[in-house]
Amino acid sequence: MATIRRTNRRTVWAWVGAAIALVLIFYFVRNATRTRVPVRVAAAVRGELESTSSTNGKVEPQVNYEAHAPYSGLIKNRYVHEGEHVTQGQLLLAETLAALRSTQANYSSMMKGGTQEERLTLNGDIERTVAERDQAQRNLDALRKLQLTGAASANEVSAAEQRLAATNVSLQLLQQRKTERYDAGDIERAKTAFEQAEAANSAAQAVLNQAIVRAPFTGTVYSLPVSKSEYVQQGSLLLQMADLSKMQVRGYFDEPEIGKLRVGQPISIEWDARPGKDWHGHIARVPSTIITYGTRNVGEVLITIDDADDDLLPNTNVRVTVVVASAGNVLNVPREALHTDRGRSYVFRIVNGKLRRTLVTVGSLNLTQVEILSGLKEGDQVALGSTNGVPLVDGMPIVEGR
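Quick caveat, the model's predicted, so the values are computed rather than measured. (Residues numbered from 1 in each chain as written. Predicted model: local features only at pLDDT ≥ 70, side-chain atom pairs only at ≥ 80, totals over all residues. Heavy atoms only, no water.)

Asker: Give a detailed account of the overall build of the protein chain, specifying residues and quantitative values.
Answerer: Helix and strand counts for the protein chain come out as five helices and 23 strands. For the protein chain, buried positions account for 33% of its 402 residues. Within the protein chain, contacts between residues at least 6 apart in sequence are counted, and of these 73% link residues at least 24 apart. Summing over all exposed atoms, the protein chain offers an accessible surface of approximately 24,100 Å²; the carbon and sulfur share of this is 51%. (Helix = DSSP H or I, 4+ residues; strand = E, 2+ residues; numbered from the N terminus. Buried < 20%, exposed > 50% of the residue type's maximum accessible area, 1.4 Å probe, protein only. Contact = heavy atoms within 4.5 Å. Areas by Shrake-Rupley, 256 points an atom, 1.4 Å probe, with all protein chains shown as cover.)

Asker: Got a sec to walk through the packing of aromatic side chains? Specific residues and values, please.
Answerer: Evaluated as defined, the whole model comprises two aromatic pairs. Arranged with centres 4.1 Å apart and planes meeting at 15°, the rings of Tyr252 and Tyr293 form a pair that is stacked. Of this pair, Tyr252 sits in strand β11 (residues 247–254) while Tyr293 sits in strand β14 (residues 291–293), and the two are 41 residues apart along the sequence. For Tyr293, a relative accessible area of 31% translates into the label partly exposed. Ring centres 5.6 Å apart and planes at 85° place the aromatic pair Tyr346 and Phe348 in the edge-to-face group. (Phe/Tyr/Trp six-rings, centres within 6.5 Å; stacked < 30°, edge-to-face > 60°.)

Asker: Lay out the pattern of salt bridges with the relevant residues and their values.
Answerer: All told, the structure shown has twelve salt bridges when counted by the stated rule. With a shortest N-O distance of 2.7 Å, Arg250 and Glu60 are connected by a salt bridge. Pair noted here: Arg250 is in strand β11 and Glu60 is in strand β2 (residues 45–61), with a separation of 190 residues, a long-range link. Of the two residues, Arg250 and Glu60, both sit in the buried class. The salt bridge involving Arg357 is made with Asp341; its shortest N-O contact spans 3.1 Å. With Arg357 in strand β19 (residues 354–359) and Asp341 in strand β17 (residues 339–341), this residue pair connects regions lying 16 residues apart in the sequence. The exposure class of Asp341 is partly exposed, given its relative accessible area of 26%. One salt-bridge network, held together by shared partners, links Glu60, Arg250 and Glu300. (Salt bridge = Lys/Arg side-chain N within 4 Å of Asp/Glu carboxyl O.)

Asker: Describe the pairing of strand β16 (residues 317–334), and please don't skip the residues or the numbers.
Answerer: Relative to β16, β2 is paired through 13 bridges, and the arrangement is antiparallel. Considered in β16, the bridge of Thr52 is made with Val323. In this structure, strand β12 (residues 266–270) lies alongside β16, joined through four bridges in antiparallel fashion. If you follow Ser268 over to β16, its bridge partner there is Thr321. One ladder, built from three bridges, connects β16 with strand β21 (residues 369–374); its direction is antiparallel. Bridging across to β21, Pro334 finds its partner in Gln369. (Pairing = 2+ DSSP bridges.)

Asker: Can you lay out the nonpolar core for me, pointing to particular residues and giving the numbers?
Answerer: One broad trend across soluble globular proteins is that nonpolar side chains are buried collectively. Formed by 22 residues in total, the largest nonpolar core has its most connected members in Val249, Ile269, Ile305, Val318 and Val320. Elements that contribute at least two residues to this core include exactly β11, β12, β13 (278–285), β15 (296–305) and β16. Once residues within four sequence positions are removed from consideration, Val318 is found in contact with Thr55, Asn56, Gly57, Lys58, Val59, Val249, Ile269, Glu270, Trp271 and Leu312. Grouped together as the second largest cluster of nonpolar side chains are 17 residues, Ala67, Val86, Leu224 and Val226 included. (Core = buried A, V, L, I, M, F, W, Y, C linked by side-chain atoms within 4.5 Å.)

Asker: Tell me about the environment of Gln233, and please be specific about residues and values.
Answerer: Relative to the helices and strands, Gln233 resides in the loop between β9 (231–232) and β10 (237–242). When its relative accessible area of 48% is taken as the criterion, Gln233 is described as partly exposed. Measuring from C-alpha to C-alpha, the distance between Gln233 and Tyr71 comes to 6.7 Å, with 162 residues separating the pair along the chain. Ignoring sequence-local partners within four residues, the contact set of Gln233 consists of Ala69 and Ser72. A polar atom in the side chain of Gln233 sits 3.3 Å from the side chain of Ser72. (Polar contact = N/O pair within 3.5 Å; in protein donor to acceptor, adjacent residues only side chain to side chain.)

Asker: Describe the side chain of Ser51, listing the residues and the values that go with them.
Answerer: Relative to the helices and strands, Ser51 is located in strand β2. Setting aside residues no more than four positions away along its own chain, Ser51 makes contact with Val322, Val323, Val324, Ala325, Leu365 and Asn366.

Asker: Can you tell me about the side chain of Ser345, naming the residues and giving the values?
Answerer: Turning to its location among the elements, Ser345 is positioned in strand β18 (residues 344–351). For Ser345, a relative accessible area of 15% translates into the label buried.

Asker: Give a detailed account of the sheet that holds strand β5 (residues 85–86), specifying residues and quantitative values.
Answerer: Ordered by their spatial adjacency, four strands build an open sheet running β3-β10-β8-β5, and the pairing between neighbours is antiparallel. In this open sheet, the two strands that pair with only one neighbour each are β3 (64–68) and β5. As defined by bridge partners, strand β8 (residues 219–223) adjoins β10 across three bridges and the pair is classed as antiparallel. Bridged to Ser223 within β10 is Gln240.

Asker: Can you break down the environment of Gly395 residue by residue, with the values?
Answerer: Structurally, the position occupied by Gly395 is in the loop between β22 (381–386) and β23 (398–400). Considered as a pair, Gly395 and Arg356 are 39 residues apart in the sequence and their alpha carbons are 5.8 Å apart. The contacts of Gly395, once residues within four sequence positions are left out, are Lys354, Leu355 and Arg356.

Asker: I'd love a proper account of unusual backbone geometry, names of residues and values included.
Answerer: Phi at Asn329 takes a positive value of approximately 55°, unusual for a residue other than glycine. In this fold, Asn329 is placed in strand β16.

Keep in mind these values describe shape, not function.
Following this line, the structure appears as structure tokens:
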């Protein structure tokens, strides 16, 4: 019995709720058809209509210079500070490299042909081998003469030729040791040792040039992550600099917007750190592929900043807006006046103090305005919405409100 009573109560309350809803609907319909509802009104006017697309982007230099440590070592000195404007050729950093001194010492020793003791021993070996070669040449000449008279055999002449050839090879190797650096394990590379040493010296000089960092062009040092006497590993970033008057933005436009973008389209740029200030640019390169950026599928758009200055810093996150379409002298109404129903667009036109649902054909639109291609004429009044929250319906009597 208790269960039946609870079921009956729920049924009663459901009928009560339905009755209240019907009363409210009747009230609103009656109110809408008999009482004038205050509405905000706008006129269909002709004027310029711009369609825009906005997204985020990151500022970067058009030409960026980065200096990296060629070897591990200590920062000998810093000659600039972060944010400092520098001129081309100005000394920025110097790094001490122990490996360079070792390379230079080895090269110097190689050029001298070894230590003094090694050079004296080598010269003695050369003199002795020269004497042996001369003697081998004389012996060969004598045997050849004897061979003509039959006093020496062909085998004796051949053996003398081989001894002379061996002596010449020994002499050649000894003479190479005066100009080419090698040890017992590098005999097979003796002919190329000197060239390798020269290349090593050239590389050492290149390393020296890298260890002393100079500005390759006039610009601003915007990143200097190392300090004097700091030990850095090979490849570590030493500094970054750029000409901050030549900047660009890498913008990330969502895939559906990419088809509207063209090279040369004007761009406005905003940065939250400088409210009220805008920069201007144009699209320099449109996307060639789609990439994943966080949770978005986007195309990278390269934007040249036309009025860059030192205020817009590298790696800054900015907002960019592009005008994707612009038309002049088009009939338009506020976008707030536009409604859709099952894919058809309409507005509430005001005729003799009442709302008339009017089908329209729309063209371009932006965040605030929509182009009307048909359905309205210039000067027609349309309702934007009621001021008291009452829904707009066809035939509703209205009064212009505020």
